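A look at the structure
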Amino acid sequence: MKKLLISALLATTSATLMLSPAIAVPAAPTTLNKADFSDKMMKRFDGLNLSDTQKAQIKTIMQSQHSQTDLTQMRAEREQSKQKIEALTNATTLDTRTLNALADAEAQKAKQRFIKRVQTQHAINQVLTADQRAKLAAIKAERKAQHQNHGPRGKGPGMNWAQK
């Protein structure tokens with residue numbers, strides 16, 4: 001009886017100790033509002049010594065590009081696409097016509113995202129001075145080199161996917 005009581009006490013104590021840090025720490029927000037998003041995006045330009053006018057112009061460009069995307073519409077389209085893919089994979093025979101139509105639609109969406117990204121980068125680049133553009137290019141090259149040194153997903157340099 002005494003061993004059972006001690007075991008129950010130890011189990012309760014250890015469970016309480018393991019759960020208390022999880023209870024004490026508030027959960028991190030799962031979504032970013034537009035202000036948080038633009039602040040996070042502005043961190044890219046921290047080392048460029050932007051003037052207040054430049055900061056305002058870049059923030060306006062990023063917010064206008066971000067506001068043009070209707071997230072609810074994108075989510076609905078993504079869900080429809082997932083349902084179509086699920087239907088194709090579960091079908092007894094593969095409908096290549098539908099598959100090709102889905103592939104074309106995905107390619108068109110990727111093309112639009114690419115165009116939008118390049119247009120945004122171009123608009124931001126027009127706000128920067130020549131020195132700032134050169135410094136931004138150096139920062140990008142440095143980040144690319146750091147990324148290559150760490151390998152994909154931080155797995156280390158020189159490793160291929162089969163080794164992970």
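Everything below is about the structure shown above.
Given the structure is predicted, the values throughout are model-derived calculations rather than measurements.

A few words now on the overall build of the protein chain. Scanning the protein chain from terminus to terminus reveals six helices and zero strands. Counting from the amino terminus, helix and strand elements in the protein chain follow one another as α-α-α-α-α-α. For the protein chain, with 164 residues in total, the buried portion stands at 14%. In the protein chain, the share of contacts with a sequence separation of at least 24, taken over all contacts with a separation of at least 6, comes to 56%. In the structure as shown, the protein chain presents an accessible area of about 13400 Å², 59% of it carried by carbon and sulfur atoms.

Membership of the largest hydrophobic core is limited to twelve residues, which are Met42, Phe45, Leu48, Leu50, Ile58, Ile61, Met62, Ile124, Val127, Leu128, Leu136 and Ile139. Those elements that provide at least two residues to this core are α3 (52-68), α5 (96-127) and α6 (130-150). If one sorts the elements of this core by residue count, α3 sits on top with three residues. Every residue in contact with Leu48, bar those within four places of it in the chain, is listed here: Leu128, Gln132, Lys135, Leu136 and Ile139.

Attention now moves to the environment of Thr120. You can see Thr120 is positioned in helix α5. Thr120 sits 56 residues away from Ser64 along the chain, and the two C-alpha atoms are 9.5 Å apart. Contacts of Thr120, omitting those with residues within four sequence positions, involve Ile61 and Gln65. Within the structure, the side chain of Thr120 is placed 2.9 Å from the backbone oxygen of Lys116, a separation counted as a polar contact.

Here α6 spans 31 Å end to end across 21 residues, near enough to the 30 Å set by a 1.5 Å rise per residue. Taken together, the buried positions of α6 are Gln132, Leu136 and Ile139. End-on, the buried residues of α6 take up no more than an arc of 60°, which puts them together on one face. For α6, the exposed residues set more than 90 degrees away from the buried face come down to Ala130, Asp131, Lys144, Gln148 and Asn149.

A full pass over the atoms with the stated rule returns one salt bridge. Among the ionic pairs, Glu106 bridges to Lys109, the shortest N-O distance being 3.6 Å. With Glu106 and Lys109 both in helix α5, this residue pair falls three residues apart, about one helical turn. With a relative accessible area of 34%, Glu106 lands in the partly exposed category.

Note that Gln132 resides in helix α6. A relative accessible area of 8% places Gln132 in the buried class. Within the local environment of Gln132, its side chain forms a polar contact with the backbone oxygen of Leu48, the two atoms lying 3.2 Å apart. In this structure Gln132 touches Leu48, Asn49, Leu50 and Gln54, once residues within four positions along its chain are discounted.

Basis of the calculations
Residues numbered from 1 in each chain as written. Predicted model: local features only at pLDDT ≥ 70, side-chain atom pairs only at ≥ 80, totals over all residues. Heavy atoms only, no water. Helix = DSSP H or I, 4+ residues; strand = E, 2+ residues; numbered from the N terminus. Buried < 20%, exposed > 50% of the residue type's maximum accessible area, 1.4 Å probe, protein only. Contact = heavy atoms within 4.5 Å. Areas by Shrake-Rupley, 256 points an atom, 1.4 Å probe, with all protein chains shown as cover. Core = buried A, V, L, I, M, F, W, Y, C linked by side-chain atoms within 4.5 Å. Polar contact = N/O pair within 3.5 Å; in protein donor to acceptor, adjacent residues only side chain to side chain. Expected span 1.5 Å × (residues − 1). Arc of directions from axis to C-beta. Salt bridge = Lys/Arg side-chain N within 4 Å of Asp/Glu carboxyl O.

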